[in-house]
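Close look at the chain arrangement
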Amino acid sequence: VSTQSTGKLNKHLINYMNIQNCLKKNPPKKHKRKMASGVSVNDEVVSIYQEFKLGHRFRYVIYKLTDDLREIILDSTSVDEDYDNFVAALPINECRYAVYDYQYIAQDGGQRNKILFVLWAPDCAKIKEKMIYTSSKDSLRKKLIGIGCEIQATERAEVEKSVVDERVNRR
């Protein structure tokens, strides 16, 4: 073995030992796997949705997150058929999920119904709250089978009847 090869081998050995010492002093951090948002869906949410969808007991249902932002729970239900009252029930500065049994006139002139899913995340809501509501939406949607149209709204103009009519007629 030549002295030149031995010198290169020694350099590599010294580099390897330096890396090992560095790793001992600063071991790599272990990352725990978490769900996208870590939010669970309360069983009552699904059972009330089934009553809404199959039993037509309510015109709309509003859901919210618990105060600790860890679980989606029932906020309120209503049999009020006035769409404007539904929009008014969405809080001005807090996020909500809602389902509404929406009646509309289709382009062919016939009356139709679609279940409308609304993610209400107003601009003035807290940023953390908006982020958790948005990232938890899919886990809720997977449990609510039969949604006909989805709207993500940040202001009342995005859930006005004329805007919703346009959206439901597109599909």
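Provided above is the structure to which this section pertains.
Presented here is a report on the structure given in the accompanying data block.

With that settled, the discussion passes to the side chain of K114. Mapped onto the elements, K114 comes out in strand 5 (residues 111–120). For K114, which is buried and forms no salt bridge, the nearest opposite charge comes from D165, at a distance of 10 Å. A polar contact of 3.0 Å, which involves the side chain of K114, links it to the backbone oxygen of V168.

Let's shift gears to the packing of aromatic side chains. Scanning the entire structure with this criterion turns up 11 aromatic pairs. Consider the rings of Y60 and Y100, whose centres lie 6.1 Å apart with planes at 20°: the pair is stacked. Residue Y60 is located in strand 2 (residues 60–65), and its partner Y100 is located in strand 4 (residues 96–105); the two are separated by 40 residues in the primary sequence. Note on Y60: relative accessible area 6%, which makes it buried. Within the aromatic cluster, the residues linked to one another by ring pairs are Y60, Y83, F86, Y100, Y102 and Y104. For R141, the ring lying beneath its charged end belongs to F117, and the centroid distance is 5.5 Å. Here K161 stacks its cationic end above the ring of Y83, 5.9 Å away from the centre of that ring.

Moving on to a negative patch on the surface. Together, D82, D84, D123, E155 and E160 give the surface a local cluster of negative charge. As for its placement among the helices and strands, D123 is situated in the loop between strand 5 and helix 4 (127–143). Here D123 falls in the exposed class, since its relative accessible area comes to 52%.

This part takes up the pairing of strand 6 (residues 149–153). On a regular strand, one side chain projects to one face of the sheet and the next to the other, so that they alternate. Among the 5 residues that make up strand 6, 4 are buried, leaving the element largely enclosed by the rest of the structure. Remark: the strand 5/helix 4/strand 6 crossover connection has right-handed handedness.

A word on the environment of V41. Secondary-structure assignment places V41 in strand 1 (residues 40–41). Overall, the relative accessible area of 13% leaves V41 in the buried class. As a C-alpha pair, V41 and I72 span 31 residues in sequence and 4.8 Å in three-dimensional space. Excluding anything up to four places from it in sequence, V41 contacts V46, I72, S139, L140 and K143.

Criteria and thresholds
- Residues numbered from 1 in each chain as written.
- Predicted model: local features only at pLDDT ≥ 70, side-chain atom pairs only at ≥ 80, totals over all residues.
- Heavy atoms only, no water.
- Helix = DSSP H or I, 4+ residues; strand = E, 2+ residues; numbered from the N terminus.
- Buried < 20%, exposed > 50% of the residue type's maximum accessible area, 1.4 Å probe, protein only.
- Lys, Arg positive; Asp, Glu negative; His and termini not counted.
- Salt bridge = Lys/Arg side-chain N within 4 Å of Asp/Glu carboxyl O.
- Polar contact = N/O pair within 3.5 Å; in protein donor to acceptor, adjacent residues only side chain to side chain.
- Phe/Tyr/Trp six-rings, centres within 6.5 Å; stacked < 30°, edge-to-face > 60°.
- Lys NZ or Arg CZ within 6 Å of the ring centre and 35° of its normal.
- Patch = residues over 30% accessible without salt bridge, like charges linked within 9 Å, V, L, I, M, F, W, Y side chains within 5 Å.
- Areas by Shrake-Rupley, 256 points an atom, 1.4 Å probe, with all protein chains shown as cover.
- Charge placed at Lys NZ, Arg CZ, Asp CG, Glu CD.
- Right-handed = clockwise from strand over helix to strand, strands pointing away.
- Contact = heavy atoms within 4.5 Å.

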